[in-house]
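Descriptive structure summary
These are the residues of each chain, in order.
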Amino acid sequence: MEIAFWGVRGDIPVPEASLGVYGGNTLCFTANVNEKEAVIFEAGTGLLDCFATLAPEHLLPECTDIFISSYRPEHIQSIPFLNSMYISKNKVRFCGPSSEAGGVNRSLGILVRKCFCPVPNFFDEEDVGAEIEFLEMADDSVNSSSLTISSYPLAHKDGTVSLCWHIDDNSCGKYLAYIPDIYNWHDFMEARANLPDKFFGADVLLMGACSEHTSRALLQEQAEFFKSGRLVFWQFGADAGDNVIKSCECDKIMAAREGMIINLC
Amino acid sequence: MKLAFWGVRGSYVTAAPRFSGIGGNTSCAEVYDGSNTVIFDAGSGIRRLGLKLANSPQGHISVLFSHTHWDHIRGLPYFAPLAEEGAIDLCSIDIPGIEAKSTIKLEDVLMLQQDKIYCRKSPSDWKADVTFRYLEQGKACDFGSSTVTAYALNHPGLSCGYRLENKDGIIAYICDTAPSRDMLLTLCPKGMDAKRYLHELWDNQMRLAADADAVIYDCFFTPEEYARTPHFGHSCLDDGIKVCRMAGARNIFMYHHNPSHDDASLMSLERLYRACFPDISVRLAREGEAWEIKGGRIYPWK
């Protein structure tokens, strides 16, 4: 499994950070991309660069799965601007949680509401754009490429839910555990005890450390608690400069950066 | 008065080094007349403007929205003055004859943007005293020592430009707009003929830019790009120059840059148009640059 990071920022893209170490695009990483398949997590602005590289003529691999953890901007904001979504030959499957707005289709629909975006509504209108499937996930598993991807809902105190992901490479038995949207460390430390066993002992643990109170000590504690081989953190706030991010890094704790590739197998 | 650009990009933020010279944040322009601050649009560029205003207040703040497409509202949840005590006006246009059921009010759009499903920052966290103002089209409204007049523009949905006037000069903010020659893209007032309304929208551009010292214009396309996608709702610099010539405006800022136009291509366009149209002063709007407008002239802000 090859993990490639295309955008690592939370909330809002930060163009000025593109001149720094970590990058300014919002969330996107891929796990296994080739001519036939693409397994993608998050659709922040990093996905625009990903698609420009993956599909320069806007034709996507036959099986393109996009896994969405939640509907906050950094997870979905690129979707209306993906030229590939307007090509009828493409097939894309969006996998994500339900929300108070409804299933995945209804939840993503805000992106293309007329008041926000003048593009055709490729979610609702069948003859517009790519063939789109929606898969609602909670505590579920799905196969994509040679991977088995399991989700688990992490409830926040405001009543919203983010999906955590366990990405298992069946070809080599290694796995990545991904826990997004850690807005408040105190709340997370209360909630993390409910996470199932599959999030422990991961070869790589990826954490969405968007709290402004993220520190090296907190991340080290997470690595010990989850018994991960390596801990990678991302989803940095817009105001988090390179020095602040770097101060959280140490042995086996690494900040994700645009262009970074991790080979698990 | 000071005119400063905090976001000059259209459609979506471009966060890559090849865009960093001109800028990757989406639409946001600041005008400070010495006592009050007027901000055109709340694209992602408003985040950094807000950090500056939180440290160095500039009087009452008004944010004037041209429309509510993502690139013009993206930054509002991260606008720091909303979390501080103070008065902020959030403004849009009111066009008589546009049926209420065919539009969503600015206030409702922003509340939806910041619904907890979609945003971790909530309007309930606002400490500022926020007032929503809907400016009647064509009517000059007071904004401190400036007046602002709004006019509808030709862009999908409901879009408008603003004309700001004070003792120092006139600024016209014309974005987003398609040229009013090919197709009507915006909502047409009830009972009005579409062709006639298209002419009216062109006249609106004239009203906005009449004798303006600075015209900030939607230059998303090159002429070749416009010919391929005229329904997208944007213009090219040729249209802006035509407006300036007919309206008596002498300075135009190319704005709302296409996310596919990198620094090199934009600077090449600027050079080309300066050479082709020496009667109009053509400048690229660049993120981080500020200008002083005084006595009908434009100077770099010091």
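Our structure's up above, just so we're on the same page.
What this report covers is the structure whose coordinates are included nearby. (Residues numbered from 1 in each chain as written. Chains lettered and ligands numbered in written order. Predicted model: local features only at pLDDT ≥ 70, side-chain atom pairs only at ≥ 80, totals over all residues. Heavy atoms only, no water.)

1. Here's the deal with helix H3 (residues 106-113) of chain B
All names here are of chain B. Test applied: Using a 1.4 Å probe on the protein chains alone, a residue whose accessible area is under 20% of its type maximum counts as buried, one over 50% counts as exposed, and one in between counts as partly exposed. For the purposes of this entry, the term helix denotes a DSSP run of H or I that reaches at least four residues, the term strand denotes a run of E that reaches at least two, and both are numbered from the N terminus. For this quantity, the arc is that covered by the directions from the helix axis to the C-beta atoms. Whether two residues are in contact is decided by their heavy atoms: any pair within 4.5 Å suffices.
Along H3, the positions that sit buried rather than exposed are Leu 106, Val 109, Leu 110 and Gln 113. The buried residues of H3 all sit within an arc of 95° when viewed along its axis, so they share a single face. At its buried positions, H3 is contacted by helix H2 (70-73), strand E5 (87-94) and strand E6 (129-136).

2. Focus: helix H1 (residues 46-54) of chain A
For an α-helix the count is 3.6 residues per turn, leaving residues at separations of three or four pointing the same way. Where H1(A) is concerned, the buried positions are A:Gly46, A:Leu47, A:Leu48, A:Cys50 and A:Phe51. Considering only its buried residues, H1(A) is in contact with strand E1 (2-7), strand E2 (28-33), strand E3 (37-41) and strand E4 (63-67) of chain A.

3. Regarding the sheet that holds E6(B)
Residue and element names in this part refer to chain B. Rules: Paired strands, as defined in this entry, are two strands with at least two bridges between them according to DSSP. Interaxial angles span 0 to 180 degrees and are taken between N-to-C directions of axes, which are lines fitted to C-alpha atoms, for helices over the stretch in contact.
With mixed pairing, eight strands are arranged side by side in an open sheet as E6-E5-E4-E3-E2-E1-E14-E15. Edge positions in the sheet fall to E6 and strand E15 (297-300), since each of these pairs with one other strand and no more. When the angles between neighbouring strand axes are averaged without regard to direction, this sheet yields 25°. In this structure, strand E2 (residues 28-32) lies alongside strand E3 (residues 36-40), joined through four bridges in antiparallel fashion. From the neighbouring strand, Ala 29 faces E3, where its bridge partner is Phe 40.

4. Structural notes on the interface of chain B and chain A
Much of the literature gives interface size as the accessible area that the parts lose upon coming together. Our working rule: What gets called buried area is simply the loss in accessible area from a 1.4 Å probe that two parts show on being joined, summed for both. Any carboxyl oxygen of Asp or Glu within 4 Å of a side-chain nitrogen of Lys or Arg constitutes a salt bridge here. Counting of polar contacts relies on pairs of N or O atoms within 3.5 Å, with two restrictions inside protein: one atom must be capable of donating a hydrogen and the other of accepting it, and residues adjacent in sequence are counted only when both atoms are side-chain atoms. Any residue that is not Ala, Val, Leu, Ile, Met, Phe, Trp, Tyr, Cys, Pro, Asp, Glu, Lys or Arg is counted as polar, Gly included; the first ten are nonpolar and the last four charged.
Contact residues are listed per partner, giving 32 residues for chain B and 37 residues for chain A. Here chain B and chain A share an interface that buries about 3,200 Å² over both sides, 62% of which is from carbon and sulfur atoms. Considering only the side of chain B, the residues that lose the most area to chain A are B:Trp70, B:Tyr118 and B:Arg120, jointly responsible for 25% of the buried surface there. Linking chain B with chain A are five salt bridges. A:Asp11 is the partner of B:Arg120 in a salt bridge, and the nearest nitrogen-oxygen pair spans 3.0 Å. In this assembly, chain B and chain A are joined by 12 residue pairs in polar contact (both at pLDDT 80 or more). Elements supplying a minimum of two residues to the side of chain B that touches chain A: helix H1 (46-55), H2 and H3 of chain B. Residue composition of the side of chain B that touches chain A, by class: 16 nonpolar, 10 polar and six charged.

5. Examining the pattern of salt bridges
This model, assessed by the stated rule, comprises 22 salt bridges over all chains. Taking the shortest distance from any N to any O, the salt bridge between A:Lys157 and A:Glu190 comes out at 3.2 Å. Remark: A:Glu190 occurs in helix H4 (residues 185-191) and A:Lys157 occurs in the loop between strand E8 (147-155) and strand E9 (161-169); sequence separation between them is 33 residues. With a closest N to O distance of 3.2 Å, B:Lys52 and B:Glu30 form a salt bridge. One end of the pair, B:Lys52, is in helix H1; the other, B:Glu30, is in strand E2, and 22 residues separate them in sequence.

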